[in-house]
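# Results of the structural survey
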Amino acid sequence: DGGITQSPKYLFRKEGQNVTLSCEQNLNHDAMYWYRQDPGQGLRLIYYSQIVNDFQKGDIAEGYSVSREKKESFPLTVTSAQKNPTAFYLCASSSKNYGYTFGSGTRLTVV
Amino acid sequence: AQSVTQPDIHITVSEGASLELRCNYSYGATPYLFWYVQSPGQGLQLLLKYFSGDTLVQGIKGFEAEFKRSQSSFNLRKPSVHWSDAAEYFCAVGDSSNSGGYQKVTFGTGTKLQVIP
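Below is a short write-up of the structure.

### Remarks on the overall build of chain B
Of regular secondary structure, chain B possesses zero helices and twelve strands. Counting helices and strands in the order they occur from the N terminus, chain B gives β-β-β-β-β-β-β-β-β-β-β-β. The dimensions of chain B, computed from C-alpha atoms along their principal axes, are 45 × 30 × 25 Å. Per-residue burial over chain B gives 46% buried out of 117 residues. Within chain B, counting contacts between residues at least 6 apart in sequence, those at least 24 apart form 57% of the total. When the accessible surface of chain B is totalled, it reaches about 5400 Å², and 49% of it is carbon and sulfur. Where the 9 positive side-chain charges of chain B centre and where its 9 negative ones centre are 4 Å apart.

Shown next as structure tokens:
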């Protein structure tokens, strides 16, 4: 079945560490997105990519980085510059017909 | 800038009762509108979407939504709620001006639905 796979489901980060969240899709979608979800704040866009080797900042890109070397993959790195990284992170993809398909999320906790 | 307001943070309904979740949007033209559902610890699932045409949209799991331009609303309805409908529901608005690729989607803050026996 086609879909989006996010891994790991749970991730723990020590202060000063960079961590990378994986997102893979087999839907042949061109566009991919990373959102951050905090209680009571809905979803906020971190980065998005429409084509391979190209990506743009969303509303809260500071402290995050991404790459898009393959159409299927859009990993997110949470750097030590992100001062409050504890959150639920969601990856999504979309085709030109619109409507996002979401992964099941990664919960990141700072320890 | 586009925005979405979901005025109800939390709603409780009895099983079998009808449901209406409110959504108001702000956008300069005719928007793309969506409703998503999220179970705890999971991703979001698309319930239904409105791009154009008939303003009453049917979705999965027996949900429907009506686009009312005069009220800038896109309320979600279900005639009879089941216990399995307990979840968080998100309304979203998309930019309809770019049909060829990425369209920025803005999500509301969500409404948590509790279903009591």
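### Brief notes about the pairing of strand β11 (residues 106–110) of chain A
Sheet topology note: the strand β2 (residues 10–13) of chain A/β11(A) ladder contains four bridges and is parallel. In the strand pairing of β11(A), R13(A) is matched with V110(A).

### Here's the deal with the pattern of salt bridges
Scanning the model with the defined rule gives seven salt bridges over all chains in all. Its salt-bridge partner being K71(A), residue D30(A) comes within 3.3 Å of it at the nearest N-O pair. Of this pair, D30(A) sits in the loop between β3 (19–25) and β4 (31–37) while K71(A) sits in the loop between β7 (64–66) and β8 (76–78), and the two are 41 residues apart along the sequence. The closest approach of N and O atoms between K78(B) and D85(B), which form a salt bridge, is 2.8 Å. A single burial state applies to K78(B) and to D85(B), both of which are buried.

### Brief notes about the state of the cysteines
All names here are of chain B. Tallying each qualifying case throughout the model produces two disulfides over all chains. Two residues share a disulfide in this structure: C23 and C91, whose sulfurs sit 1.9 Å from each other. Classification of the bridge connecting C23 and C91 rests on its S-S torsion, roughly -65°, and on that basis the disulfide is left-handed. Of this pair, C23 sits in the loop between β3 (19–21) and β4 (24–26) while C91 is found in strand β10 (residues 87–94), placing the two residues 68 residues apart along the sequence. With respect to burial, C23 and C91 carry one shared label: buried.

Here is what the cut-offs are and how they apply
Residues numbered from 1 in each chain as written. Chains lettered and ligands numbered in written order. Predicted model: local features only at pLDDT ≥ 70, side-chain atom pairs only at ≥ 80, totals over all residues. Heavy atoms only, no water. Helix = DSSP H or I, 4+ residues; strand = E, 2+ residues; numbered from the N terminus. Buried < 20%, exposed > 50% of the residue type's maximum accessible area, 1.4 Å probe, protein only. Contact = heavy atoms within 4.5 Å. Areas by Shrake-Rupley, 256 points an atom, 1.4 Å probe, with all protein chains shown as cover. Lys, Arg positive; Asp, Glu negative; His and termini not counted. Charge placed at Lys NZ, Arg CZ, Asp CG, Glu CD. Pairing = 2+ DSSP bridges. Salt bridge = Lys/Arg side-chain N within 4 Å of Asp/Glu carboxyl O. Disulfide = S-S within 2.5 Å.

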